[in-house]
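For reference, the chains in residue letters:
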Amino acid sequence: MSNAAPPRKTPEKPWRTEGTPEEPTRWPGGRRMRGGWWGLVVAAVVVFFVAYASVSYYNRGNEPTISYTEFSRQISDGNVKTIYSKGDAIQGQLKNPQAKPHDGGKYTKFKTQRPAFADDKLWQNLSKHHVTVTAQPVVQERSLLSNLLLSLAPLVILVALWVFFARRIGAGLTGPGGMLGRKTPPRPVELRPGTERTTFADVAGIDEVKGELDDVVDFLEHPDAYRRMGAKAPRGVLLTGPPGTGKTLLARAVAGEADVPFFSASASEFIEMIVGVGASRVRELFAEARKVAPSIIFIDEIDTIGRARGAGASVSGHDEREQTLNQILTEMDGFSGSEGVIVIAATNRADILDPALTRPGRFDRVVHVSPPDRAGREAILRIHTRDIPLAPDVDLAQVARTTPGMTGAELANLANEAALLAVKRKQGRVTRADFSEALEKVQLGAERSLVMPEEERRRTAYHESGHALLGMLQPGADPVRKVTIVPRGRALGVTLSTPESDKYAYTEEYLRGRVIGALGGMAAEQVVYKVITTGSESDLEQVTNIARGMVARWGMSERVGRLSALPSDAQQAYGLAAAPQTLDVIENEMRRIVDECYEEACRKLRDHRDQLDALAEALLVNETLDEAEAYRIAGILRVRKDD
Ligand SMILES: Nc1ncnc2c1ncn2[C@@H]1O[C@H](COP(=O)(O)OP(=O)(O)OP(=O)(O)O)[C@@H](O)[C@H]1O
Ligand SMILES: [Zn+2]
């Protein structure tokens, strides 16, 4: 039950599924695969030993099987001395001169199987004849071999593990043909078959960013010209920006434009191993890139190793991170520039990066990549519908208008979802309806079938109507686009309101409106049922975030004043926080704002109770209301500014 703004989170990257050319080309995944083989071999050996040992233990095989009838007779004859039984299997020792003693003793071992249908009072029979019944195998001795194997097993495992890890380190430390076999050196992505070249034509909506990278391309194309002129070459470019804005794409496009080899690695891959491996992988990667220079090394998620030193480090991993980072910096410092290897790194957490990274001569060029504006979105949609047959009723400009805030990746996903729908419906072309349904799915989450008791449905209808009505009543609020009580994603219902056009700054009035709208669900439950439920959890999260921003970041509280009282992430990483008094004031102010907004929400819903009822009833009947229906039922005139 949320007053969903367009979800900003990137969906589970469906475009990076396994098997696409992108995934297997990532360095150094190849080695991980080989590591997997080693693990398999080790596991097989261990399993073999253990199995062999236990088989030889249980199947010593030197006791003859006798029939159960025979067994019963032997008991009655008083020949059975002890038995051990597990399930229906019985082993024991028999005083039986008929059977040739195997081990020269007076007794001979035997085994037998008790039929499931036997109801022969075995227990009474046994005790009558003074047979010792134990829970332990009668025969304790093991063969020498199994004894040996069993005691060796842990050792074998240890040695195998040691070899396994030593090989991994060795692979890094000893270069090609490391201590236990050969390994594949990192290979540039674009040299691999089946990978299409990416160029600037595949990137849209971020033209200024492309502009900033033009000279990088130029340098890669003519490194000699730069060397002759003694011009300083660019070394490292840091791309920052939210997930899905196309940073990876851009780096590939730079390589594609200049037609140079592209090496790609994710920083997290460097440090998931044990200490020392990351640094040697970095060294190796740079060595390979230099061999084929001019070339590009792309390091994704650089923040995982490049976060400010001493920053809330996990105890392990820390050294490794530092070593890996140092190695990258050393390699970059080591460039004479004319070598023509350019490092492009990407992060969506530029705020927590170690300042050492952005020092001159390293990632001295920082390029910010933002989500696209309306024209950009349209251009991106065009790129991603290049190979999709569109019906004439599809208007990409209109789609772009209704998707403010969405990133390139989300738009790519949208186009793909629309195409999937068309395929599912066996249409030859993708229609406008496919697009709006896909958008709904992307924005609201997939529908979930969930049978709700009538009472729950009714309460949900009021909850969502509360969000929607307050959204519609609030002047200047984002228009309500859709209200539904069909469960979607994790929510029982969703009210979607998106801005009419791209917004870059928010007024205090607007933010208050957002808080009031987000509290609308809870307020409606309060007004109608006089009780509140757990259904407002994510609403309250949203409310808290907005209120904290208003008070501590955007100077909208007189008492806190016009200063940013929130410690930045970097400060937090160093353990710095606002003074306790300040935190108290912030909390009190947040509380005041939220309480005021809640009062107002409840008051408005009481004043407009008939409209609230009308919306809830309509939702119970129709389940979903679109923008026009919602405004009509609430009797509110919607002044449209967009299309
Ligand atoms: N500006 C854009 N133009 C065209 N397609 C884009 C754009 N931005 C993103 N995309 C699409 O989204 C996909 C994912 O983008 P990409 O992986 O480059 O984003 P990113 O910023 O690197 O994200 P992350 O930070 O999650 O790694 C791209 O492969 C492309 O299909
Ligand atoms: Zn809600």
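The shown structure was predicted, so the numbers you read here are calculated from the model rather than taken from an experiment. (Residues numbered from 1 in each chain as written. Chains lettered and ligands numbered in written order. Predicted model: local features only at pLDDT ≥ 70, side-chain atom pairs only at ≥ 80, totals over all residues.)

Attention now moves to the site of ligand 1. Close to ligand 1 lie 21 residues; Gly246, Thr248, Leu249, Gly408 and Ala409 are nearest. Taken together, the elements giving at least two residues each to the shell around ligand 1 come down to α7 (247-258), α12 (374-384) and α14 (408-424). For the shell around ligand 1, the per-class residue count stands at 11 nonpolar, 8 polar and 2 charged. Here the shell around ligand 1 gathers at least three residues from each of two domains, domain 3 (185-368) and domain 4 (374-444). (Near = placed C-beta within 6 Å. Helix = DSSP H or I, 4+ residues; strand = E, 2+ residues; numbered from the N terminus. Nonpolar A, V, L, I, M, F, W, Y, C, P; charged D, E, K, R; others polar. Domains from an automatic or database assignment.)

In the numbering adopted here, UniProt assigns the feature "active site" (unreviewed entry) to Glu464. Topologically, Glu464 is positioned in helix α16 (residues 454-473). For Glu464, a count of 28 C-beta atoms within 10 Å gives the class buried. (UniProt positions renumbered as here; feature names shortened; annotations may be inferred. Buried ≥ 20, exposed ≤ 12 C-beta atoms within 10 Å, placed from the backbone.)

With respect to the helices and strands, the residue Lys441 is situated in helix α15 (residues 432-444). By C-beta crowding, Lys441 is classed as buried, having 20 other C-beta atoms within 10 Å. Sequence separation between Lys441 and Arg488 is 47 residues; the distance between their C-alpha atoms is 8.8 Å. Residues in contact with Lys441, not counting those within four places in the same chain, are Glu417 and Ala446. (Contact = placed C-beta atoms within 7 Å.)

Now for the pairing of strand β6 (residues 236-240). A large share of β6 lies buried, amounting to 5 of its 5 residues. Both faces of β6 are covered, namely the face carrying Gly236, Leu238 and Thr240 and the face carrying Val237 and Leu239. Two strands pair when backbone bridges link them, and β6 and strand β9 (residues 341-347) are joined in this way by 5 bridges, in the parallel orientation. What sits directly across from Gly236, in β9, is Val343. (Pairing = 2+ DSSP bridges.)

Let's shift gears to the environment of Ile66. Residue position: Ile66 is located in the loop between α1 (29-58) and α2 (68-76). Taking C-alpha positions, Ile66 is 6.7 Å from Phe110, a pair spaced 44 residues apart along the chain. Those residues in contact with Ile66 that sit more than four places away from it in its chain are Phe71, Phe110 and Thr112.

Attention now moves to the nonpolar core. Within soluble globular proteins, side chains that are nonpolar tend to cluster in buried spots. Ranked by size, the top nonpolar core spans 72 residues in total, and within it Leu239, Leu250, Ala251, Val254, Ile296, Ile297 and Ile344 carry the most contacts. Looking at this core, the element that brings in the most residues is α14, giving 8 residues. Ignoring anything within four residues of it in the chain, the contact list for Ile297 reads Phe263, Leu285, Phe286, Ala289, Val341 and Val343. Formed by 41 residues, the second largest nonpolar core is a distinct cluster that contains Ile485, Ile546, Ala616 and Leu625. (Core = buried A, V, L, I, M, F, W, Y, C linked by C-beta atoms within 7 Å.)

What follows concerns the packing of helix α18 (residues 537-552) against helix α20 (residues 580-607). Running from amino to carboxyl end, α18 crosses α20 at an angle of 120°, the nearest separation of the two axes being 9 Å. As judged from the angle between their axes, α18 and α20 are oblique. Crossing handedness for the pair α18 and α20: right-handed. Seen from α18, the contacting residues are Val543, Ala547, Arg548, Met550, Val551 and Ala552; seen from α20, they are Ile586, Glu589, Met590, Ile593 and Val594. (Axes fitted to C-alpha atoms, helices over the stretch in contact; angles between N-to-C directions. Parallel < 35°, antiparallel > 145°, perpendicular 65-115°, else oblique. Left-handed = near helix turned anticlockwise from the far one by under 90°.)

With respect to topology, 5 strands assemble into an open sheet ordered β7-β8-β9-β6-β10, the strand pairing being parallel. Looking at the sheet topology across the chains shown, the edges are occupied by β7 (262-266) and β10 (365-368). Between one strand axis and the next, the sheet turns by 20° as a mean value, whatever way the strands run. Relative to β9, strand β8 (residues 295-300) is paired through 5 bridges, and the arrangement is parallel. When the sheet's bridge partners are listed, Ile296 is paired in β9 with Ile342.

Before going further, it helps to examine the sheet that holds strand β5 (residues 132-134). Across the sheet, 4 strands lie side by side as β4-β3-β2-β5; this open sheet has mixed pairing. Every other strand in the sheet has two partners, leaving β4 (108-113) and β5 as the edge strands with one partner each. Going across the sheet, the axis of each strand differs from the next one's by a mean of 20°, ignoring polarity. Pairing of strand β2 (residues 80-86) with β5 involves 3 bridges; the strand directions are parallel. Directly across from Thr82, in β5, lies its bridge partner Thr132. Along the sheet face, α2 touches β2, β3 (89-94) and β4 and points at about 125° away from the line of β4.

The alternating pattern of β4 places Thr108, Phe110 and Thr112 on a buried face, while none of Lys109, Lys111 and Gln113, on the opposite face, is buried. Summarising the sheet, β3 and β4 pair through 6 bridges and their orientation is antiparallel. Bridge pairing in β4 links Gly92 to Phe110.

With that out of the way, let us pick up unusual backbone geometry. It is generally the case that most residues other than glycine have a negative phi and that most peptide bonds are trans. Phi is positive for Glu301, close to 50°, though the residue is something other than glycine. With respect to the helices and strands, Glu301 occurs in the loop between β8 and α10 (303-306). Glu301 sits in the partly exposed class, given 18 other C-beta atoms within 10 Å. Non-glycine residue Lys530 carries a positive phi angle of around 65°. On the secondary structure map, Lys530 appears in the loop between α17 (508-529) and α18.

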